[in-house]
Amino acid sequence: MTKLLQWLLAVSLIGIAWGLVTFDLLDLHLLPQYKELAWPMPVYLLVVFGCYSLATVGYRVATFNDCEDAAKELQAQIKEAKEDLRKKGLKM
Amino acid sequence: MATGADQAVGFGLVGFSLLLFTYYSIWVVVLPFVDSDHVIHSYFLPREYSVILPGIAALILLLFVGTFIGIVTWKNRKPKKVD
């Protein structure tokens, strides 16, 4: 099963469950509170996902680190390569 | 390391999203179970706005993303025509 099919299956299952509860297709005689809770659920899930994404981006921005060891290593390698090339007669 | 401004912006984003999540969760999940004459209802808009406002926000966001992509592609295409 591809990822696309998995996602489509999950989304359609959630959609069916939402439709059953919201339009009361099974005559469950739910309390009106639960219906009130159910009908904005898709938008609510979307907003929760947006909040999570925003928080993740914010957290990564706040704890962004630069790799100083890697930078030193890379600069040393560049120096090495330049000297090597100069030895072989390349003018820079 | 992230600079002070980066950290301020980042934790500001985290705080804003947590605040939004809390407020919206209370609005959508908790409020149906609270009596409709309770004082807490005066701090929230009527229930239908809990869908309308995110819808408007999503429309504005899509509009901005669309204009941004449009401007970027338009700017990137122009120099090629000059060459």
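The rules behind the values
- Residues numbered from 1 in each chain as written.
- Chains lettered and ligands numbered in written order.
- Predicted model: local features only at pLDDT ≥ 70, side-chain atom pairs only at ≥ 80, totals over all residues.
- UniProt positions renumbered as here; feature names shortened; annotations may be inferred.
- Helix = DSSP H or I, 4+ residues; strand = E, 2+ residues; numbered from the N terminus.
- Rg over C-alpha atoms; globule rule 2.2 N^0.38 Å.
- Buried ≥ 20, exposed ≤ 12 C-beta atoms within 10 Å, placed from the backbone.
- Domains from an automatic or database assignment.
- Core = buried A, V, L, I, M, F, W, Y, C linked by C-beta atoms within 7 Å.
- pLDDT = per-residue confidence, 0-100.
- Contact = placed C-beta atoms within 7 Å.
- Nonpolar A, V, L, I, M, F, W, Y, C, P; charged D, E, K, R; others polar.
- Expected span 1.5 Å × (residues − 1).

By the naming in an unreviewed UniProt entry, chain B is Dolichol phosphate-mannose biosynthesis regulatory protein, taken from Danio rerio. For chain B, the Subunit (unreviewed entry) comment in UniProt is given as "Component of the dolichol-phosphate mannose (DPM) synthase complex composed of DPM1, DPM2 and DPM3; in the complex interacts directly with DPM3. Component of the glycosylphosphatidylinositol-N-acetylglucosaminyltransferase (GPI-GnT) complex composed at least by PIGA, PIGC, PIGH, PIGP, PIGQ, PIGY and DPM2. Interacts with PIGA, PIGC and PIGQ." The UniProt entry for chain B carries the following comment under Sequence similarities (unreviewed entry): "Belongs to the DPM2 family."

Looking at an unreviewed UniProt entry, chain A carries the name Dolichol-phosphate mannosyltransferase subunit 3, with the source organism given as Danio rerio. On record in UniProt, under Subunit (unreviewed entry), the comment for chain A is "Component of the dolichol-phosphate mannose (DPM) synthase complex." According to the UniProt record, the Sequence similarities (unreviewed entry) comment for chain A is "Belongs to the DPM3 family."

The next point concerns the overall build of chain A. The secondary structure content of chain A amounts to four helices and zero strands. When its helices and strands are written in sequence order, chain A yields α-α-α-α. For 92 residues, the compact-globule formula gives about 12 Å, and the C-alpha radius of gyration of chain A, at 28 Å, lies well above that figure. Counting only C-alpha atoms and orienting by the principal axes, one finds that chain A spans roughly 85 × 35 × 20 Å. Taken across its 92 residues, chain A has 8% of its residues classed as buried.

As assigned here, chain A comprises domain 1 (1-39) and domain 2 (40-92). Using C-alpha coordinates to define each centre, domain 1 of chain A is positioned 41 Å away from domain 2 of chain A.

Let us now look at the domain arrangement of chain B. Here the domain parsing of chain B yields domain 1 (1-44) and domain 2 (45-83). Placing the centre of domain 1 of chain B and that of domain 2 of chain B at their C-alpha centroids yields a distance of 25 Å.

A few words now on the UniProt feature "transmembrane region" (unreviewed entry) in chain B. Residues and elements named next belong to chain B. UniProt records the feature "transmembrane region" (unreviewed entry) for residues 9-31 and 51-74 in the present numbering. As annotated, residues 9-31 comprises 96% helix and 0% strand, and the C-alpha atoms at either end are separated by 31 Å. Strand forms 0% of residues 51-74 and helix 100%; the C-alpha atoms that close the span are 34 Å apart.

Formed by Y44(A), V47(A), C51(A), Y24(B), W27(B), V28(B) and L31(B), the largest nonpolar core amounts to seven residues. Within the residue set of this core, elements represented by two or more residues are α3 (41-62) of chain A together with α1 (4-30) of chain B.

This part covers the confidence of the model for chain B. Per-chain confidence: chain B averages 88 in pLDDT, with 93% of residues scoring 70 or above. Scoring of the predicted complex yields 0.74 for pTM and 0.78 for ipTM.

Between chain A and chain B, the residue contacts involve 21 residues of the former and 23 residues of the latter. Residue assignment for the side of chain A that touches chain B shows that the elements contributing at least two residues are α2 (32-38) and α3 of chain A. Element by element, the count of residues in the side of chain A that touches chain B is highest for α3(A), at 13 residues. Its residues assigned to classes, the side of chain A that touches chain B shows 15 nonpolar, four polar and two charged.

This brings us to α1(B). The end-to-end C-alpha separation of α1(B) is 37 Å, in line with the 39 Å expected for 27 residues at 1.5 Å each. All of the buried residues in α1(B) are G10(B), V14(B), S17(B), Y24(B), W27(B) and V28(B).

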